[in-house]
Every structure is written in structure tokens, then in C-alpha cells.
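# A look at the structure
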Amino acid sequence: MDTQTSALHEVRLDHVVSLLARSTARSVIDLGCGSGALLQRCLESGAFDRLVGLESSGVSLRNARERLAHWLEQPEPRVQLVRGSFQEPNAACSGFDAAAMVEVIEHVPPRDLSTVERAVFEYFRPSFLVMTTPNRDYNPLFDLAPGELRDPDHRFEWSQARFRQWASGVAKRNGYRVRFGGIGEADPELGSPSQLACFERID
């Protein structure tokens, strides 16, 4: 199933922009920005002074440049696109009020999760970070077989319990507090189709 073009993804993007705006952040970096859909919504909202999209795929970056051409061509553009990985320290990714990681963590091989944690939470250290990822518990409601993933490029999909365990450990190790939520219509037993963690740095 293509979650990236689904109605759920539209709801997810709107929800993340709302959370970023409510955080009072003025600068936001989208880690794994893909074709720039979240950045476009952030620009249209008018809530942010500076936006950066980080993306490792050249194809996705080209699509993002086309999508955001109107804003990129301004004399003093509020948005910038950077080619790179959120698994590696990068000075261009530090110093932001907020960061977003929307449906990207599940594309990381599990063995590399520790490198993501170090780069994002030790080096980039945004004051606020919104992360979304599929809720594996919900997959039967998408008619997926046990163990079947929503996208062939996903390396894993976490249950709600596993996601909370991982995110709570990340927060504790790196001086953040974390709260959890869901996106999309929730099932009383299986939760929401997308799960959400909001990390706030403890200063």
C-alpha cells in the first residue's frame, strides 16, 4: 500500500505542521524531506522564518526543487534544500528550533538506529522534534498478513509498545522528555494507523 499518497498521509502532514507551529519554533529542519510536501505546508502556513530540507535521494531532491520552486527562487528564500543523511553529523543541520522526521525512521536498517540517535539527538539537538512512524498493531485493518509491511522499502514497523520503549530510551539518554500520540482514526484495541512521538529538549 502506498501510504505516501494516501489520505492518511495528508492528515499526517497537516498534524505535524500544526504541532510544529504550536511549539513556537521559528526555524525547522525536515530530516528526510522527500519531495518536499511537509516543507510546502510549512511555507504556506507562514509560521516559520527558516526551513531546511535534508534528503539523501537525488531524485527526491529534484522533485522537491520543482515543488518548492516558487519559494526557492525568492530573493531571500526562507527554504533551503541540503543533500545528506540524518545518520551523519552535519553542521547545516544544527541550531534549529524544531525538527521533523515523518515516516522515515522505518526506512533505516535496525543496526543503524544508534547512529541516527547520535546524529539527531546528540549532534543536531533540536529543541523540539516530531517523529511519526507506522503502527504495526494497526496493520491487520489494512488487510496485511502477519509480518507484511506497508511498503517494500520499510526495514521494520514497530508495535506501539516497541516504539514507546525505543523513543523513551532515546529521550532518557539524551536529555529530552517525550510524549506519544496517534494520527488517523483510532481503533479502540489497535490504536491509530500512525504513531507519533514529540521530543522536547530539557535545558
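Right, let's walk through the structure included here. Source: prediction; values computed, not measured.

## Regarding the overall build of the chain
Helix and strand counts for the chain come out as six helices and seven strands. Overall, the chain shows an N-to-C arrangement of helices and strands of α-β-α-β-α-α-β-β-α-β-α-β-β. For the chain, buried positions account for 50% of its 203 residues. The long-range fraction of contacts in the chain, counting pairs at least 24 apart against all pairs at least 6 apart in sequence, stands at 69%. For the chain, the accessible surface area stands at approximately 9,700 Å², while carbon and sulfur atoms represent 47% of it. Charged side chains in the chain number 23 positive and 28 negative. The centres of these two groups are separated by 6 Å.

## A closer look at the nonpolar core
Core analysis: the largest hydrophobic core is formed by 31 residues, its most contacted members being Leu-31, Phe-86, Met-101, Ile-105, Val-120, Trp-166 and Phe-199. Of the residues forming this core, the biggest block, six residues, is contributed by helix H5 (residues 113-124).

## Details of the packing of helix H1 (residues 7-22) against helix H2 (residues 37-45)
Relative to each other, H1 and H2 sit at 50 degrees, their axes nearing to 10 Å. Put simply, H1 runs oblique to H2. Handedness of the crossing formed by H1 with H2: right-handed. Where H1 abuts H2, its residues Glu-10, Leu-13, Asp-14, Val-16, Val-17 and Leu-20 lie against Ala-37, Leu-38, Arg-41, Cys-42 and Ser-45. Residues belonging to the contact of H1 with H2 are distributed by class as follows: seven nonpolar, one polar and three charged.

## Digging into the layout of surface pockets
Taken as a whole, the largest pocket spans an internal volume of roughly 720 Å³. Together, 30 residues line the largest pocket, and Gly-32, Gly-34, Glu-55, Glu-103 and Val-104 are the ones closest to its centre. Of all the elements in the fold, those that place two or more residues in the lining of the largest pocket are H1, H2, strand S2 (50-55) and helix H3 (58-67). Looking at the lining of the largest pocket residue by residue, the class counts come to nine nonpolar, 15 polar and six charged.

## A look at the packing of H5 against helix H6 (residues 160-174)
Viewed as axis vectors pointing N to C, H5 and H6 meet at an angle of 45 degrees, and their least axial separation amounts to 11 Å. By the angle between their directions, the pair H5 and H6 is classed as oblique. The chirality of how H5 crosses H6 is right-handed. Taken together, the residues of H6 that come into contact with H5 (itself represented by Leu-113, Glu-117, Phe-121 and Glu-122) are Trp-166, Val-170, Arg-173 and Asn-174. Residues that form the contact of H5 with H6 fall into these classes: four nonpolar, one polar and three charged.

## Some points on the side chain of Arg-12
Looking at the element boundaries, Arg-12 is found in helix H1. Among the polar contacts made by the side chain of Arg-12, one reaches the side chain of His-9 at a distance of 2.4 Å. Polar contacts involving the side chain of Arg-12 include one to the side chain of Ser-194, which spans 2.8 Å.

## Quick notes on the pattern of salt bridges
This structure, assessed with the given rule, holds seven salt bridges. Linking Arg-26 and Asp-49 is a salt bridge whose minimum nitrogen-to-oxygen distance equals 2.9 Å. In this pair, Arg-26 sits in the loop between H1 and strand S1 (27-31) while Asp-49 sits in the loop between H2 and S2, placing the two residues 23 residues apart along the sequence. Residue Arg-26 is classed as partly exposed on the basis of its relative accessible area of 38%. Of the residues examined, Asp-49 reaches a relative accessible area of 46% and is grouped as partly exposed. In this structure, Asp-203 engages Arg-201 in a salt bridge whose closest nitrogen and oxygen atoms are separated by 2.8 Å. Judged by relative accessible area, which is 78%, Asp-203 ranks as exposed.

Scoring rules and cut-offs
Residues numbered from 1 in each chain as written. Predicted model: local features only at pLDDT ≥ 70, side-chain atom pairs only at ≥ 80, totals over all residues. Heavy atoms only, no water. Helix = DSSP H or I, 4+ residues; strand = E, 2+ residues; numbered from the N terminus. Buried < 20%, exposed > 50% of the residue type's maximum accessible area, 1.4 Å probe, protein only. Contact = heavy atoms within 4.5 Å. Areas by Shrake-Rupley, 256 points an atom, 1.4 Å probe, with all protein chains shown as cover. Lys, Arg positive; Asp, Glu negative; His and termini not counted. Charge placed at Lys NZ, Arg CZ, Asp CG, Glu CD. Core = buried A, V, L, I, M, F, W, Y, C linked by side-chain atoms within 4.5 Å. Axes fitted to C-alpha atoms, helices over the stretch in contact; angles between N-to-C directions. Parallel < 35°, antiparallel > 145°, perpendicular 65-115°, else oblique. Left-handed = near helix turned anticlockwise from the far one by under 90°. Nonpolar A, V, L, I, M, F, W, Y, C, P; charged D, E, K, R; others polar. 1 Å grid on protein atoms, 1.4 Å probe; cavity = no way out; pocket = protein on both sides within 12 Å on 5 of 7 lines; lining within 4 Å. Points joined across faces, edges and corners; volume = space filled by probe spheres on them. Polar contact = N/O pair within 3.5 Å; in protein donor to acceptor, adjacent residues only side chain to side chain. Salt bridge = Lys/Arg side-chain N within 4 Å of Asp/Glu carboxyl O.

Such coordinate-based values are descriptive only and should not be taken to indicate function.
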